[in-house]
Amino acid sequence: MSLSDRLRDYGAYGGGLGGRPLREPTGPTWGSEAVVADAVAGLKSKAQEALFARLGVRLFDSTLTEQQLQAYVAQEISELMSSTTVPLSVAERHRLVEEIIDDVVGLGPVERHLADPTVSEVMVNSTDPIYVERDGVIEQTDARFMSVDHLRRVIERIVSQVGRRIDESSPMVAPRLPDGSRVNAVIPPLAVDGPVLTVRKFARDAFTVDDLIALSTMTVPVAEMLSACVEGGLAVLVSGGTGTGKTTLLNVLSSFVPGNERIVTIEDAVELQLRQPHVVRLESRPPNIEGRGEVTIRDLVRNALRMRPDRIIVGEVRGF
């Protein structure tokens, strides 16, 4: 018997985590997919609440490695699951434990979309369905965060990894993930309808000029002209709207820089992927919670002039 069948039968008699009902048998028919999904979501929600109550701040203990934390959480979940009377097979219990670990230790329902190579951006609007971008088109998914608190925990986990914080006094933050993906998070009071999370994924393999030509994004004569401009040392400004391919084009232009030159890159968040051997990468820093310690792109440009650069590549210019 499948998990859906057992949950359907089980739901008709009540029950749940620790013997508590997942849902009263009212409303839609218990055999419907929506109610079965509610039963699974209810089980996950109760397990997560119990887990956070037992572990508390240990979930954000920076002294634990990711592997140690996952093992610790898996052990706690196994103990919690052993007390439930929901009829789960070993394989189904293992899958449910993995999903809860993703929610508690990982990035919850956005985890699988970040692992999907076809997804370039993930957009979370509070507890609404999660949206993703594939091939330049925004699509609605069937995934969503269970609650505002669940989304807040994921946002706090992301920003804590890079030594940042987000709260009512500092409700907007733009860190990046270890793989280079750019994150933007906004919480109330700035975000009126609940926390908003946007993740622009970092391309592991940057497009080359041959790729752009093959995609008809660039012609051969234009590529040759741009290559001559870069090799000749001309200043080049790349501008455009959000998601129009500015960073992609800048990566292509940087590939034309001769390999014997010293290059200094300056960015808000490191995105450029240069293949030359002599590259120095600098990244700006926002102010801390006390409003101190900010290092702007302008500061880094001034400093780069003292580093004997042959080329300075500024990733973003937001003002003059």
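Residues numbered from 1 in each chain as written. Predicted model: local features only at pLDDT ≥ 70, side-chain atom pairs only at ≥ 80, totals over all residues. Heavy atoms only, no water.

### Here's the deal with the confidence of the model for the protein
Reasoning step 1: Averaged over all residues, the pLDDT of the protein is 78; the fraction at 70 or higher stands at 71%.
Reasoning step 2: Taken together, the stretch residues 10–36 has pLDDT below 50 and engages in 43 contacts with residues farther than four places along the chain or on a different chain. (pLDDT = per-residue confidence, 0-100. Contact = heavy atoms within 4.5 Å.)

### Concerning the pattern of salt bridges
Reasoning step 1: Counted under the stated rule, the structure contains 12 salt bridges.
Reasoning step 2: Note that Glu168 and Arg152 form a salt bridge whose closest N and O atoms lie 3.8 Å from each other. Of this pair, Glu168 sits in the loop between α6 (148–160) and β4 (172–173) while Arg152 sits in helix α6, and the two are 16 residues apart along the sequence.
Reasoning step 3: For the salt bridge of Arg311 with Glu261, the shortest nitrogen-to-oxygen distance reads 2.6 Å. Placement of the pair is Arg311 in strand β9 (residues 311–314) and Glu261 in the loop between α9 (246–254) and β7 (263–267), with a sequence separation of 50 residues.
Reasoning step 4: One network of salt bridges, in which partners are shared, links Asp116, Arg134 and Glu139. (Salt bridge = Lys/Arg side-chain N within 4 Å of Asp/Glu carboxyl O. Helix = DSSP H or I, 4+ residues; strand = E, 2+ residues; numbered from the N terminus.)

### Remarks on the nonpolar core
Reasoning step 1: In this structure, Val110, Val122, Val124 and Leu197 are the most contacted members of the largest nonpolar core, which totals 23 residues.
Reasoning step 2: Residue assignment for this core shows that the elements contributing at least two residues are β1 (121–125), α6, β5 (182–186) and β6 (196–200).
Reasoning step 3: It is α6 that provides the largest number of residues to this core, a total of five residues.
Reasoning step 4: Leu197 has contacts with Val122, Met123, Val124, Leu151, Ile155, Ile158, Val183, Asn184 and Ala185, leaving out every residue within four places of it along the chain.
Reasoning step 5: Residues Met218, Ala223, Leu272 and Ile313 belong to the second largest nonpolar core, which totals 15 residues. (Core = buried A, V, L, I, M, F, W, Y, C linked by side-chain atoms within 4.5 Å. Buried < 20%, exposed > 50% of the residue type's maximum accessible area, 1.4 Å probe, protein only.)

### Quick look at helix α8 (residues 220–231)
Reasoning step 1: Compared with an ideal rise of 1.5 Å per residue, which puts 12 residues at 16 Å, α8 spans 16 Å between its outermost C-alpha atoms and is within 8% of the ideal.
Reasoning step 2: Here α8 has its buried residues at Ala223, Leu226, Ser227 and Val230. Taken around the axis of α8, the buried residues stretch over an arc of 105°, which confines them to a single face. Within α8, the exposed residues directed more than 90 degrees away from the buried face are Pro221 and Glu224.
Reasoning step 3: Tucked into the core, α8 has its buried residues touching α7 (209–214), α9 and β9. (Expected span 1.5 Å × (residues − 1). Arc of directions from axis to C-beta.)

### Thoughts on the sheet that holds β4
Reasoning step 1: Strand order in the open sheet made by the six strands is β3-β2-β1-β6-β5-β4, with antiparallel pairing throughout. Looking along the sheet, the strands with just one partner apiece sit at the ends: β3 (137–140) and β4.
Reasoning step 2: In this structure, β5 lies alongside β6, joined through five bridges in antiparallel fashion. Counted as the bridge partner of Arg182 is Arg200 from β6. (Pairing = 2+ DSSP bridges.)

### Comments concerning unusual backbone geometry
Reasoning step 1: Omega for the peptide link from Pro188 to Pro189 comes to 15°, which places this bond in the cis form.
Reasoning step 2: Even without being a glycine, Ser216 presents a positive backbone phi close to 65°.
Reasoning step 3: Secondary-structure assignment places Ser216 in the loop between α7 and α8.

### With respect to the pairing of strand β2 (residues 131–134)
Strand residues, when the strand is regular, have side chains that alternate between the two faces of the sheet.
Reasoning step 1: Here β1 pairs with β2 via three bridges, running antiparallel. Looking at β2, one finds that Met123 is bridged to Tyr131.
Reasoning step 2: From the end of β1 to the start of β2, which pair antiparallel, there are five residues, and Ser126 there has a positive phi angle of about 55°.
Reasoning step 3: Hairpin geometry of β2 and β3 is characterised by an intervening segment of two residues between the two adjacent antiparallel strands and by a positive phi of about 55° at Asp135.

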